[in-house]
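Structural characterization, general
Chain by chain, the residues:
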Amino acid sequence: MEIFGFNINIHSDIEEMDMRDAIVAVIVNPRISIKTGKELIGMFITGRITEQQLHKYSSAQAGNDDVTDEMLFANLDKWQEEQGAFSSDDMLYLHSCKRTKGYRAKPTDIAGIVDYINSRVIGQKQAVNNIVSAVWLHVNSVRQGLGIKVPAQLLIGQTGVGKTQILNLLSEVLNVPVINIFASTITAPGYRGGDSLTDQIFSQYANISCNTSTQQLPIIVMIHEIDKTARGVNDGYRVELMSSIMSIIERGSIVKANVVGGNNILNLENVLVLFDGCFDGIEKIAGRRVGMNAVGFNHSQSCIETDLRSMITKADLVKYGMMTEFVGRIANPICLNSMSLKLMHDILTHSVNSPTASYIRAFKQYGIDLKFSSEATKAMAQIAFENQTFGARSLETIVSAVMGPYTHLLTSKTKQTVRIGKKDVYRVIGQTNLNFK
């Protein structure tokens with residue numbers, strides 16, 4: 001049988017439940033490295049140490065400091081990455097234990113990953129579904145050698161709606177590296193003043209490819225602010241720049257470069273290129289194409305913009321100023337919803353890693369019961385919506401400012417309850433220059 005990724009001799013004299021208990025004693029202890037833990041469990045499985053000796057060692061390494069749930073769960077995630085996905089029996093056992101009953105393994109199936117990201121990026125369900133499907137298919141194709149070519153993807157959305165966060169979560173769940181490049185820093189071949197696209201890819205790739213086979217490593221290259229290349233339709237420099245970008249999209253070849261350390265060979269078959277951009281004003285192009293009656297004259301302006309953005313086509317991208325050759329090489333654009341007051345509030349109250357949820361967890365670790373009233377979250381959402389230059393990132397600034405006067409409680413020995421209300425929000429915000437604009 002297999003327990004937490006370890007092959008167990010079914011003829012062992014030790015009961016399966018005792019086996020699981022002994023192994024879990026090691027893998028839930030963040031103070032035992034995975035390397036040491038695997039050696040210990042290997043010795044236990046082969047009978048070189050007893051169950052009692054394994055438990056004794058695990059207890060000795062636990063120390064006197066408390067291990068938080070966050071530390072424990074993060075350690076389980078690392079073990080799962082090392083050993084492979086935990087089986088249903090493994091998860092049932094973890095959920096039967098008091099310390100680990102709240103642990104949820106990171107999903108590996110498309111539906112599970114979509115749910116995982118939707119619980120952290122609020123209000124972007126359709127976009128999340130589309131981008132997860134594309135990235136998962138690419139990663140699985142590279143790892144399994146399926147030969148499926150996933151086209152480059154374009155994410156359209158305003159600043160702070162979750163484009164980068166979605167990709168970061170995918171990188172974390174699928175354990176795939178992401179190379180981030182800004183279009184404004186790319187120079188066409190032969191021009192001075194910056195690094196070419198290939199040079200930038202290799203400069204980051206060298207840091208992640210050491211001792212890794214390029215034939216098995218799926219890679220995501222994210223080129224940000226691609227909409228900035230839409231200016232100057234007849235600009236010869238721009239044409240050469242876009243040609244450089246399209247050469248990476250094409251894939252199917254091996255690229256070499258002189259790099260210090262790391263691997264100097266990049267298999268473009270393993271690379272999926274993603275683009276993002278705000279594309280300010282593109283909804284007007286879509287509006288002229290479909291006619292404003294398509295969304296109705298009684299809609300609010302924000303609703304009209306959201307509806308129109310969901311209708312953006314490749315033809316609209318060409319009219320916006322993107323090269324036809326470039327647009328023809330990408331999949332249909334994935335549009336993220338713009339920020340609204342309701343969406344701002346939902347992020348604060350429904351996201352498992354919202355700024356408020358993060359503070360609640362942090363204060364709980366110090367024995368402090370922190371709660372935000374519904375009026376307080378509404379007030380913070382309203383302030384963020386009125387100053388949404390940075391989208392949802394404004395919420396982090398606001399919550400940080402509101403919690404500033406209370407951080408000293410973390411070093412206080414007195415256990416207490418903290419309630420944040422509407423008055424607390426406006427009292428702090430009124431005295432703080434948040435520098436939104």
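Everything quoted here is computed from the prediction, not taken from an experiment.

It is worth spelling out the overall build of the chain at this point. A count of helical and extended segments in the chain gives 19 helices and 11 strands. With 437 residues in all, the chain has 45% of them scored as buried. Residue pairs at least 24 apart in sequence account for 72% of intrachain contacts in the chain once pairs closer than 6 positions are excluded. Accessible surface, the chain: about 22100 Å² in total, of which carbon and sulfur atoms supply 50%.

Here we come to the pattern of salt bridges. Pairs can form between side chains of opposite charge whenever their charged atoms are close. Tallied over the full model, the rule gives nine salt bridges. For aspartate 424, the salt bridge goes to arginine 427, with nearest N and O atoms at 2.7 Å. Taken together, the positions of aspartate 424 and arginine 427, both in helix H19 (residues 422-431) and three residues apart, correspond to about one turn of that helix. Its relative accessible area of 15% is what places aspartate 424 among the buried residues. A relative accessible area of 41% means that arginine 427 is categorised as partly exposed.

What follows concerns the nonpolar core. Across soluble globular proteins, nonpolar side chains show a tendency to be buried alongside one another. Ranked by size, the top nonpolar core spans 58 residues in total, and within it Ile117, Ile131, Val135, Leu170, Ile420 and Val425 carry the most contacts. In terms of residue count, the dominant contributor to this core is helix H7 (residues 125-144) (seven residues). When residues no more than four places from it in sequence are discounted, the contact partners of isoleucine 131 are Gln153, Leu155, Ile166, Leu170, Leu274 and Ile334.

Turning our attention to the pairing of strand S3 (residues 153-156). Residues Gln153 and Leu155 of S3 are buried on one face, and the alternating residues Leu154 and Ile156, pointing to the opposite face, are buried as well. When S3 meets strand S8 (residues 271-277), the two strands line up parallel, connected through four bridges. What sits directly across from isoleucine 156, in S8, is glycine 277. In the sheet, S3 pairs with strand S9 (residues 334-335) via two bridges, with the strands oriented parallel. When the sheet's bridge partners are listed, isoleucine 156 is paired in S9 with cysteine 335.

Evaluated as defined, the whole model comprises six aromatic pairs. Pairing phenylalanine 6 with tryptophan 79 gives two aromatic rings, centres 6.2 Å apart and planes at 55°, and the pair type is tilted. Residue phenylalanine 6 is found in strand S2 (residues 6-7), and its partner tryptophan 79 is found in helix H4 (residues 69-83); the two are separated by 73 residues along the sequence. Using a relative accessible area of 9% as the deciding quantity, one classes phenylalanine 6 as buried. Their ring planes at 55° and their centres at 5.2 Å tell us that phenylalanine 279 and tyrosine 320 sit as a pair that is tilted.

Another point: a nonpolar patch on the surface. On the surface, a cluster of nonpolar side chains totalling about 240 Å² of accessible area is made up of Leu137, Leu146 and Ile148. Inspection of the secondary structure puts leucine 146 in the loop between H7 and S3.

Strands sit in the order S4-S5-S8-S3-S9 across an open sheet of five strands; the sheet is parallel. Of all strands in the sheet, those with a lone pairing partner are strand S4 (178-182) and S9, marking the two edges.

Next up on the list: helix H15 (residues 341-350). Within H15 the residues assigned to the buried category are Leu343, Met344, His345, Asp346, Ile347 and Leu348. Buried residues along H15 sit in contact with helix H16 (355-365), helix H17 (374-386) and helix H18 (393-403).

Here helix H5 (residues 88-96) has its buried residues at Asp90, Met91, Tyr93 and Leu94. The arc enclosing the buried residues of H5, seen along the axis, measures out at 160°, which places them on a common side. With respect to the buried face of H5, the exposed residues turned more than 90 degrees away are Ser88, Leu92 and Ser96. Contacts made by the buried residues of H5 are with strand S1 (2-3), helix H1 (16-27) and H4.

Residues shown with low pLDDT carry predicted positions that ought not to be read at fine detail. Looking at the chain, the pLDDT average stands at 82 and 83% of residues meet or exceed 70. Element-level pLDDT for the chain is lowest in helix H12 (residues 301-309), with a mean of 55, against a maximum mean of 96 in S3. This model gives residues 210-215 a pLDDT under 50, and the stretch forms 11 contacts once residues within four places in sequence are excluded. Segment residues 293-304: pLDDT under 50, and nine contacts once partners within four positions in sequence are set aside and those in other chains are kept.

Another point: the pairing of S4. The side chains of a regular strand alternate between both faces of the sheet. The alternating pattern of S4 places Ile179 and Ile181 on a buried face and Val178, Asn180 and Phe182 on a face that is not buried. With five bridges connecting them, S4 and strand S5 (residues 219-224) associate as parallel partners. The residue of S5 that forms the bridge with isoleucine 181 is isoleucine 223.

Bringing the environment of threonine 377 into the picture now. Relative to the helices and strands, threonine 377 is located in helix H17. Sequence separation between threonine 377 and histidine 345 is 32 residues; the distance between their C-alpha atoms is 6.6 Å. Here the side chain of threonine 377 touches histidine 345 through a polar contact of 3.0 Å, side chain to side chain.

Let's shift gears to the side chain of serine 141. Within the element layout of this structure, serine 141 appears in helix H7. In terms of polar contacts, serine 141 uses its side chain to reach the backbone amide nitrogen of isoleucine 148, at 2.9 Å.

Cut-offs applied
Residues numbered from 1 in each chain as written. Predicted model: local features only at pLDDT ≥ 70, side-chain atom pairs only at ≥ 80, totals over all residues. Heavy atoms only, no water. Helix = DSSP H or I, 4+ residues; strand = E, 2+ residues; numbered from the N terminus. Buried < 20%, exposed > 50% of the residue type's maximum accessible area, 1.4 Å probe, protein only. Contact = heavy atoms within 4.5 Å. Areas by Shrake-Rupley, 256 points an atom, 1.4 Å probe, with all protein chains shown as cover. Salt bridge = Lys/Arg side-chain N within 4 Å of Asp/Glu carboxyl O. Core = buried A, V, L, I, M, F, W, Y, C linked by side-chain atoms within 4.5 Å. Pairing = 2+ DSSP bridges. Phe/Tyr/Trp six-rings, centres within 6.5 Å; stacked < 30°, edge-to-face > 60°. Patch = residues over 30% accessible without salt bridge, like charges linked within 9 Å, V, L, I, M, F, W, Y side chains within 5 Å. Arc of directions from axis to C-beta. pLDDT = per-residue confidence, 0-100. Polar contact = N/O pair within 3.5 Å; in protein donor to acceptor, adjacent residues only side chain to side chain.

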